[in-house]
Amino acid sequence: MKFDPLRITGENGTAYRLGEPMHVYDAEHLLGVIDPVRVSRDGSEVRIERFVPSRHVKTGKRNFGPLVLLEVTLYLATHFRGVQMVSFSLNREIEMHGDGMQVAVARSELLHGIGAESITISPRPDSSIPGNFVVEGEWAYNPANLAALEECLLRERSGYRARAPDSTGLPAPLRWLRRLMRGAGR
């Protein structure tokens, strides 16, 4: 199955300019906005900190955070030649996703999988909800890290689409089971 990458734009669908908020879309559906990406003075380093999901997706149960992180990283690396380092500070409140430490470890493993270094996990001191952690790391633009990023992104895209509900509201694995059960009843 072909996968169209998530679409990243500036405000009101305009072309994205480094340093602005990043609006992330799946087709025409706004997934959310990444707060303005901080850019170093020389434009060689950017920092991704806060993703704010849209109201539409907050009610869903799909985990698209890893896909957004990978798509945005690839976008920055391939659209802005001067960017040599992408640093992350992943600190969204995760009360709706279960155990905070498990989420932090999963985020850490994702960063490690794309070649990020200097990965740390620390408690989020200003959190109103206990058990929230900040995961930080740095991804350097180089051929090995770019290949690792693209490999992780392919896996995440595949998983994201497999979990996507269709008109029945069922994810792909359950649609297959439903078709099988209908055939058995004939």
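*Asks:* Please set out the sheet that holds strand E6 (residues 51-53) residue by residue, giving values where relevant.
*Replies:* Pairing within the open sheet is antiparallel, and its four strands lie in the order E1-E2-E3-E6. Taken across any chain shown, the strands that pair with only one partner, and hence form the sheet edges, are strand E1 (7-9) and E6. Within this sheet the neighbouring strands show an average axis-to-axis angle of 25 degrees, counted without direction. Here strand E2 (residues 22-26) runs beside strand E3 (residues 29-34); their pairing, made up of five bridges, is antiparallel. In the sheet register, Asp26 faces E3, and the bridge partner there is His29.

*Asks:* Outline helix H3 (residues 100-113), supporting the account with residue identities and numerical values.
*Replies:* Over its 14 residues, H3 extends 20 Å from the first C-alpha to the last, a length consistent with the 20 Å expected when each residue adds 1.5 Å. Where H3 is buried, its residues meet helix H2 (65-79), strand E7 (85-90), strand E8 (117-123) and strand E9 (133-140). Just downstream of H3 lies Gly115, where phi reads positive at about 95 degrees.

*Asks:* Outline the side chain of Glu20, supporting the account with residue identities and numerical values.
*Replies:* You can see Glu20 is positioned in the loop between E1 and E2. On the basis of relative accessible area, Glu20 is assigned to the buried category, the value being 19%. Within the local environment of Glu20, its side chain forms a polar contact with the side chain of Arg17, the two groups lying 2.8 Å apart. If sequence neighbours within four positions are ignored, Glu20 has contacts with Gly10, Ala15, Pro36 and Val37.

*Asks:* Kindly report on the environment of Ala15, identifying the contributing residues and their values.
*Replies:* In this fold, Ala15 is placed in the loop between E1 and E2. Every residue in contact with Ala15, bar those within four places of it in the chain, is listed here: Gly10 and Glu20.

*Asks:* Please give an account of the sheet that holds E7 that cites residues and values.
*Replies:* Reading across from one edge, E4-E5-E7-E9-E8 is the order of the five strands in this open sheet, with mixed pairing throughout. For this open sheet the edge positions go to strand E4 (38-39) and E8, each flanked by a neighbour on one side alone. When strand E5 (residues 45-48) meets E7, the two strands line up parallel, connected through four bridges. Counterpart to Glu45 in the pairing with E7 is Met85.

*Asks:* If you had to explain the packing of aromatic side chains to someone new, which residues and values would you point to?
*Replies:* A complete count under the given rule lists five aromatic pairs for this structure. Seen in terms of ring centroids, Tyr16 and Phe80 are 5.9 Å apart; in terms of plane orientation they differ by 85 degrees. Their pairing is edge-to-face. In this pair, Tyr16 is assigned in the loop between E1 and E2 and Phe80 in the loop between H2 and E7, connecting sequence segments 64 residues apart. Taking the relative accessible area as the measure of exposure, Phe80 reaches 17% and is therefore buried. An aromatic cluster is defined as three or more aromatic residues linked by ring pairs; in this entry it consists of Tyr16, Tyr75 and Phe80. The ring of Tyr25 carries Arg7 above its face, with NZ or CZ at 4.3 Å from the centroid.

The rules we used
Residues numbered from 1 in each chain as written. Predicted model: local features only at pLDDT ≥ 70, side-chain atom pairs only at ≥ 80, totals over all residues. Heavy atoms only, no water. Pairing = 2+ DSSP bridges. Helix = DSSP H or I, 4+ residues; strand = E, 2+ residues; numbered from the N terminus. Axes fitted to C-alpha atoms, helices over the stretch in contact; angles between N-to-C directions. Expected span 1.5 Å × (residues − 1). Contact = heavy atoms within 4.5 Å. Buried < 20%, exposed > 50% of the residue type's maximum accessible area, 1.4 Å probe, protein only. Polar contact = N/O pair within 3.5 Å; in protein donor to acceptor, adjacent residues only side chain to side chain. Phe/Tyr/Trp six-rings, centres within 6.5 Å; stacked < 30°, edge-to-face > 60°. Lys NZ or Arg CZ within 6 Å of the ring centre and 35° of its normal.

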